Amino acid sequence: MKRPLTSQFARNGLFVKLMLSFLSVILLLASFNLFSHLYLSGKVYQEVVRQNEQSLKQTVEGYENHFRLTQNMILALTQSDTWTANLGILSHLKENRRYDIVSEVKSDLLTLYGNPFLHIENFILYFKAEDYVLEKDGLSSTNDMFGKYYYSQDYPADFWRSQTVGNQYLKVLPAASFTETTINSTRSLGRLMPVLVKAIPYEEVYGVVMLNPQRLERAYGDAGKNPFYILDAQGQRLFSTAETELPALKYTASTSSYERIGNQYYFYEKGAQTGFTYVRVTEVAAIASGLRGMRLLLAVLLTAAVMVSLLFSFLFSFRLNQPLQRLVAALDRKSGSSPGKLSSVKEFAIIGDRLSSILEDNRFIRSDLDHKNSLVRQYAYTHKVKNIPLDASLGELDDALHSERPYASILFKLGFTRAPEEPEKHTLALWHLVQRLFAGEDGENVVLQPEQDLLLLLLFSPGPQSGILQELGTLQELLAAEDSLFLTIAVSPVYSGETPFTDAYHNLSELLKERRLNGETQIIVEPRASSAKAFHLKVTYGEELHNLLQSGNEEAVFGWIDRQLEQLQNKDATAEDFRTFARGVAEQASKTVMKLNLPELEAGLLSALSGEPFAVFHSTSHYREWLRELVAPVLAAIRSGSETRDPVISFVLEYLDKHYGEDINLNIVADKLNLTSGYLSSIFKEKTGINFSEYLNTLRIERAKELLMNIDLRIQDIALQVGYQNVNSFIRMFKRASGLTPGEYRKRVGGDNQGVASASGEE
């Protein structure tokens, strides 16, 4: 049933509340405006005085600060030993003819008159002994300068000849009109205010700074709206914007005051630093006339505002009340129960109770949905990048991805110059920084973390690559101050939508390997030409290092390592090349230790390669120190054991090292030594701690690992080369020793060394 109209106008109804509120506000504002006008009309003159005093105070501060800044700039210049020496030379220019000094002094002068905030037209150096000047246009005589280029009746050439600075550092002269006179014309330079400054300790040289008082007045004054005067400490007028003379003012002892003479106020204030008196004249007749007009206008506007406010208050209250009444009725029908009273206005009580619950639920649902959608989107893109099929339940999400739009991708790899305590915090900080720099429109760009130290950015609608590089340059500048971490940033070209994300990620991963060895953030766009050839210690190098290690000569081994590192550095090798070389040296040292039967060192060499030993290496010195610490114990052990080495065992080890690829056994080696196989087996076990067959198999497996680096060799051929006539026996022994079949080992290790193997072949 429709509610009666009288219920809409109940005392606690919205319409009545709104009307009473509007009437209260209108009455309050009208009373306030009337009272304010009656009160402030008597204070208008005081307000004029206060505003003008404040305006003059700001003007005085501006002038005083400007004179102080000018003095400090000139003082900083004149305190230079080079400046003093140059002016000393130029003060006797006819004698020494050092014209080469002129350009250097002009360059020093440029720092002053070239500063637009100093408002200096020119800085003229006057050399009294030689009677010439130096200014921004060069050298000229005193007569030409002050008779032609800067001529003024108040300041002829003889005036400047008679001037001395004395103990004063800065002396301001009254402003005057200057002209530039040439053969054909005369050009006005306007009014300038000369300032004498002490250029050097010598009295025969001083400077004349030509200030532009008009620009100063525009910068610090009121742009010529009121007459303005500057008087020096003796009351002499230095500058004014009006030609009329000032009346006799009292100039009270206080720093600022004012006097009213007729229909004018004379505001004046004395500068604390210069001692100048600044005077501004303000007319009050116009203000009084405007005040009378303002009173009449205010009365008319106040009456009209009250009437219009009453009318609109009624209309607004009525129009707002009607739809709210209908909304309340609808909510009441849906709720089915009477809500609790939340406000003195019953409509607001119902709406607040119903809508607050609805909006709260809606906010929670939207927030939760947005969060889940973001996680699912990240999950889907990660699977796309790593080429992992999506679950059947997420099949529809695959169509929603930007899989057919052009895109560019950027891969960020975190590196540290020292091991961080919590690297995940650095990754999270980089995540947020990348998202802020490449936010994109509507959040369409995606940031993924395919690995712990990697971030992949997918840019849709990327624009030109130059824009991307500019943003990355900003990131590079931000990280320049961080000495504990750096980034390797690989940037792809713009791909078409047909290029899979997996291919882009693979290309960027390969591009990361182009990083050079240093601790700075590097941006890599394309592979760089390099004469370095990455190598996993070649067989020839392995034999050379093996022989050096067996000699126990520390100087020779260290020298060989230094030469290899220097060669890599000279060929602009990548950081990956240095890692490969270091691993090769460590593996060769491990083989040498095994051949020489030094089991106590073999475990240490293997542990040195575990984990990421080169993660914080960013210079050749890091690799040099690490390799020296690695091989130093090996060399010491070899030197200490060389004196007690058994000749029989030495022969067996050398023979096996040369003939491991042949069909040999214990009996064949024993015949070579004219010993029984049983005796040789027991003495070999006693001296080496390992059986003859175990040592031979270990040696063959290590050689096979080297040959597996060459992807052109078949596994059957490798088995024959290392002495296994049956390929199945070779596979069984290889898996027993390494935990992997030869094919699995080649896939795992050979993937990072295919380029290495080919480079080794080119050597």
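Quick caveat, the model's predicted, so the values are computed rather than measured.

### Describing the overall build of the protein chain
From N to C terminus, the protein chain includes 28 helices and 17 strands. Of all 763 residues assigned to the protein chain, the portion counted as buried reaches 41%. Residue pairs at least 24 apart in sequence account for 62% of intrachain contacts in the protein chain once pairs closer than 6 positions are excluded. Only carbon and sulfur atoms are counted for the fraction: they give 53% of the accessible area of the protein chain, which is about 41700 Å².

### Section: the packing of aromatic side chains
Under the criterion given, the structure shown has 30 aromatic pairs. On the numbers, 5.8 Å between centres and 70° between planes, the contact of Phe 684 with Phe 692 is edge-to-face. Look at Phe 684 and you get buried, because its relative accessible area is 0%. You can call Phe 692 buried: its relative accessible area is 6%. Aromatic ring contacts, followed pair by pair, group Tyr 63, Phe 67, Tyr 220, Phe 228, Phe 276 and Tyr 278 into a single cluster. Taking the ring centre of Tyr 113 as reference, the NZ or CZ of Lys 136 above it sits at 5.8 Å. Just above the ring of Tyr 724 sits the side chain of Arg 700; from NZ or CZ to the centre is 5.4 Å.

### A look at the environment of Asn 507
Structurally, Asn 507 can be placed in helix H15 (residues 501-512). As a C-alpha pair, Asn 507 and Leu 411 span 96 residues in sequence and 9.9 Å in three-dimensional space.

### Quick notes on the pairing of strand E5 (residues 176-181)
Here is the key point about a regular strand: its side chains alternate between the two faces of the sheet. Two strands pair when backbone bridges link them, and E5 and strand E6 (residues 186-197) are joined in this way by 6 bridges, in the antiparallel orientation. When the sheet's bridge partners are listed, Ala 176 is paired in E6 with Leu 192. Taken together, E5 and the strand that follows it, E6, pair antiparallel across an intervening segment of 4 residues.

### What about the pairing of strand E14 (residues 446-451)?
Relative to strand E15 (residues 454-460), E14 runs antiparallel, the two sharing 4 bridges. Considered in E15, the bridge of Glu 451 is made with Leu 454. Taking the residues between adjacent antiparallel strands as the criterion, E14 and E15 are bridged by 2 residues.

About the cut-offs
Residues numbered from 1 in each chain as written. Predicted model: local features only at pLDDT ≥ 70, side-chain atom pairs only at ≥ 80, totals over all residues. Heavy atoms only, no water. Helix = DSSP H or I, 4+ residues; strand = E, 2+ residues; numbered from the N terminus. Buried < 20%, exposed > 50% of the residue type's maximum accessible area, 1.4 Å probe, protein only. Contact = heavy atoms within 4.5 Å. Areas by Shrake-Rupley, 256 points an atom, 1.4 Å probe, with all protein chains shown as cover. Phe/Tyr/Trp six-rings, centres within 6.5 Å; stacked < 30°, edge-to-face > 60°. Lys NZ or Arg CZ within 6 Å of the ring centre and 35° of its normal. Pairing = 2+ DSSP bridges.

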